[in-house]
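Secondary and tertiary structure notes
Letter by letter, the chains look like this.
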Amino acid sequence: MPLEEYKRKRKFEDTPEPPPKLGSKTGHRFVVQKHDATRLHYDFRLEMDGVLKSWAVPKGPSLDPGDKRLAMQVEDHPVSYFDFEGIIPENNYGAGTVMVWDLGTWQPLSPVQVEGKYVPATDAEAAAMLAKGDLKFRLNGKKLKGDFALVKMRGRRPGSKGNEWLLIKKHDAAEVEGYDIDDYDESVLSKRSLAEIAGNAGAKEWKSSRPASRGKLKAAWLADAVAKLDQKNLAKKAPAKAAKKKQKSQTQGTRRNTG
Ligand code: MN
């Protein structure tokens, strides 16, 4: 059953993460979330077949084709996870702070090049490439752009769980030699740093609840996502106001548990 593992790992009365609901099968969004859990990592998720196919990438994606980034495939996530930003409380799976590091759309690419260039593939071809362990795709995000491949590693390491892939940038106009992910360390939804999302004292001053980038959010679904996040934040704000002082002292201790 889809999302069974996602459901099994979580206590939905305790975590603000979305429920395990299957989405529309036609979407092609992607998200990269920066996740300060037991170990800091990035979660790379592609919307496919009504779920988000997910990989944990310890060093995060890179726009440098010379970087081959280890990507451990993890359980499928519900599509509504794509705009999840916030804190997974202590004693929950994946406890820690989550930032929406990048958002956009993706397109599968045929493994057969035409005149030296990758051309679009169908969803059926994408499913076959995923099953085969060699998925090529094009990203159109705010930070990540251009052609990539996810390539499954085959039993190269002793004790491998068989879930190890490599995320590799292909050569194209979007490549950046010497790409340093730490140069792009803020949420594409809220412009906040991880520390600001965590509400840590000593974090940079809260910039604004209306990020300057708002005017650039042209895609309707992205505008929707931002509106939803604003609503969530508003809903939290009212009852949270009284508890804010209390929460401030607590969040400093809220982190690094499991996951
Ligand atoms: Mn994660």
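Refer to the preceding data block for the structure.
Before going into details, it helps to say that this report is about the structure given with it. Here the structure is a predicted model, which is why all the values come from computation and not from measurement.

You can see Lys-53 is positioned in strand S3 (residues 51-57). Among the polar contacts made by the side chain of Lys-53, one reaches the side chain of Asp-76 at a distance of 3.1 Å.

Attention shifts here to the nonpolar core. The biggest cluster of nonpolar side chains holds 29 residues, and the ones touching the most others in it are Phe-44, Leu-46, Phe-137, Leu-139, Leu-144 and Leu-150. Sorting elements by how many residues they give to this core places strand S2 (residues 40-48) first, with 4 residues. Each residue touching Phe-44, except ones within four places of it in the same chain, is listed here: Phe-30, Val-31, Val-32, Lys-53, Ser-54, Trp-55, Val-57, Phe-137, Leu-139, Leu-144, Leu-150 and Leu-167. Counting residues in hydrophobic clusters, the runner-up holds 14 residues, among them Val-51, Leu-52, Phe-84 and Val-100.

In the first shell of the manganese ion, the protein supplies His-35 (ND1), His-41 (NE2) and Asp-43 (OD), at 2.2 to 2.4 Å from the metal. The sequence pattern describing where the donors of the manganese ion fall on their chain is H-x5-H-x1-D.

For helix H2 (residues 123-132), the set of buried residues is Ala-126, Met-129 and Leu-130. One side of H2 holds all its buried residues, which, seen down the axis, span an arc of 100°. The exposed set on the far side of H2, more than 90 degrees from its buried face, consists of Ala-124, Ala-131 and Lys-132. Looking at the buried side of H2, the elements it contacts are S2, S3, strand S6 (96-108), strand S7 (134-141) and strand S9 (164-169). Two residues or fewer past H2, Gly-133 is found with a positive phi of approximately 85°.

Applying the stated rule across the entire model yields 16 salt bridges. In this structure, the salt-bridge partner of Glu-75 is Arg-10, at a minimum N-O distance of 3.1 Å. On the criterion of sequence distance, the pair formed by Glu-75 in strand S4 (residues 68-78) and Arg-10 in the loop between helix H1 (4-9) and strand S1 (29-36) is long-range, its members being 65 residues apart. For Glu-75, a relative accessible area of 5% translates into the label buried. Residues Lys-53 and Asp-76 are paired through a salt bridge, measuring 3.1 Å at the closest nitrogen-oxygen approach. Taken together, the residues Lys-53 in strand S3 and Asp-76 in strand S4 connect sequence positions 23 residues apart. When salt bridges that share partners are traced, they join Glu-5, Lys-9, Arg-10, Glu-17 and Glu-75 into one network.

Conventions adopted
Residues numbered from 1 in each chain as written. Predicted model: local features only at pLDDT ≥ 70, side-chain atom pairs only at ≥ 80, totals over all residues. Heavy atoms only, no water. Helix = DSSP H or I, 4+ residues; strand = E, 2+ residues; numbered from the N terminus. Polar contact = N/O pair within 3.5 Å; in protein donor to acceptor, adjacent residues only side chain to side chain. Core = buried A, V, L, I, M, F, W, Y, C linked by side-chain atoms within 4.5 Å. Buried < 20%, exposed > 50% of the residue type's maximum accessible area, 1.4 Å probe, protein only. Contact = heavy atoms within 4.5 Å. Donors = N, O, S within 2.8 Å, 3.2 Å for Na, K, Ca; no water. Arc of directions from axis to C-beta. Salt bridge = Lys/Arg side-chain N within 4 Å of Asp/Glu carboxyl O.

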